[in-house]
Amino acid sequence: SDEWERMVNGDRHTTVWFWIQTKANKLKMAKCIDSVEFQIICNAVSLSRDKANDLMSSVDRDHPSPYVFICAFLTNLNLLFKSVASGFEWSTWRYKHGYAVYAEPGMWAEVVVLFLYSSVLAMLFDVCALLHNPFGGRDIDVNHRDIGNGIRNLGSCL
């Protein structure tokens, strides 16, 4: 009949397993099967779904993205504060000493220190990005957003 249309599009195999467990529950409620038989059916469905997912899905090794976002936020915030503090310090020196401050080695030492500080924090961010996904883009990685959308779609359609 119209069973194909009644299945959740894109997740038909899960719909079938849901139907099997629903039918087994109805049989248990009607006293056609006992609790042990119901549990055996549910376990069989779970095992078959597990094997099917192993066959159909890739191995996922992704890390959550908030780690990189927090690292980027803290790095950028630290760079902002350090740059603004250095800017205030340099403007104070410029106000006190005029253009003669640019002839002082201390001013150029501060510029070099700020450059090195910024470079080190940029390298720290690169390390965070590398630790987020150490193997780079791989064909065997799973797109978690697509899978999550599929699970939400299945839940809302059932």
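The rules we used
- Residues numbered from 1 in each chain as written.
- Predicted model: local features only at pLDDT ≥ 70, side-chain atom pairs only at ≥ 80, totals over all residues.
- Heavy atoms only, no water.
- Helix = DSSP H or I, 4+ residues; strand = E, 2+ residues; numbered from the N terminus.
- Buried < 20%, exposed > 50% of the residue type's maximum accessible area, 1.4 Å probe, protein only.
- Contact = heavy atoms within 4.5 Å.
- Areas by Shrake-Rupley, 256 points an atom, 1.4 Å probe, with all protein chains shown as cover.
- pLDDT = per-residue confidence, 0-100.
- Patch = residues over 30% accessible without salt bridge, like charges linked within 9 Å, V, L, I, M, F, W, Y side chains within 5 Å.
- Salt bridge = Lys/Arg side-chain N within 4 Å of Asp/Glu carboxyl O.
- Phe/Tyr/Trp six-rings, centres within 6.5 Å; stacked < 30°, edge-to-face > 60°.
- Lys NZ or Arg CZ within 6 Å of the ring centre and 35° of its normal.

Student: Before we move on, can you summarise the overall build of the chain with the specific residues and values?
Tutor: If you tally the helices and strands in the chain, you get 6 helices and 0 strands. For the chain, the α and β elements follow one another from N to C terminus as α-α-α-α-α-α. Within the span of the chain, comprising 158 residues, buried residues form 18% of the whole. In the chain, 66% of the contacts between residues at least 6 apart in sequence involve partners at least 24 apart. Carbon together with sulfur atoms contributes 64% to the accessible area of the chain, which is approximately 11900 Å² in total.

Student: Quick rundown of the confidence of the model for the chain? Include the residues and the values.
Tutor: Per-residue pLDDT for the chain averages 78, and the proportion of residues at 70 or more is 67%. When mean pLDDT is taken per element in the chain, helix α4 (residues 66–97) scores highest with 87 and helix α1 (residues 3–6) scores lowest with 64.

Student: Tell me about unusual backbone geometry, and name the residues and values.
Tutor: Although it is not a glycine, Lys31 sits at a positive phi angle of roughly 65°. With respect to the secondary-structure elements, Lys31 resides in the loop between α2 (12–29) and α3 (35–56).

Student: Can you tell me about a nonpolar patch on the surface, naming the residues and giving the values?
Tutor: Judged by side-chain polarity, Leu80, Phe81, Val84 and Phe88 come together as a nonpolar surface patch covering roughly 440 Å² of accessible area. With respect to the helices and strands, Phe88 occurs in helix α4. Since its relative accessible area comes to 58%, Phe88 is described here as exposed.

Student: Which residues make up the packing of aromatic side chains, and what values do they have?
Tutor: The tally for this structure, following the rule as stated, stands at 1 aromatic pair. For the ring pair Tyr99 and Tyr102, a centre distance of 6.4 Å and an interplane angle of 35° mean the geometry is tilted. In this structure Tyr102 comes out as partly exposed when scored by relative accessible area, which is 38%. Its end group placed over the ring of Phe38, Lys28 keeps NZ or CZ at 5.4 Å from the ring centre. When the ring centre of Tyr117 is taken as reference, the NZ or CZ atom of Lys82 above it lies at 5.5 Å.

Student: Report on the environment of Leu130, specifying residues and quantitative values.
Tutor: Within the element layout of this structure, Leu130 appears in helix α5 (residues 105–132). Leu130 sits in the exposed class, given a relative accessible area of 51%. The sequence separation of Leu130 and Val68 amounts to 62 residues, and the corresponding C-alpha distance is 9.2 Å.

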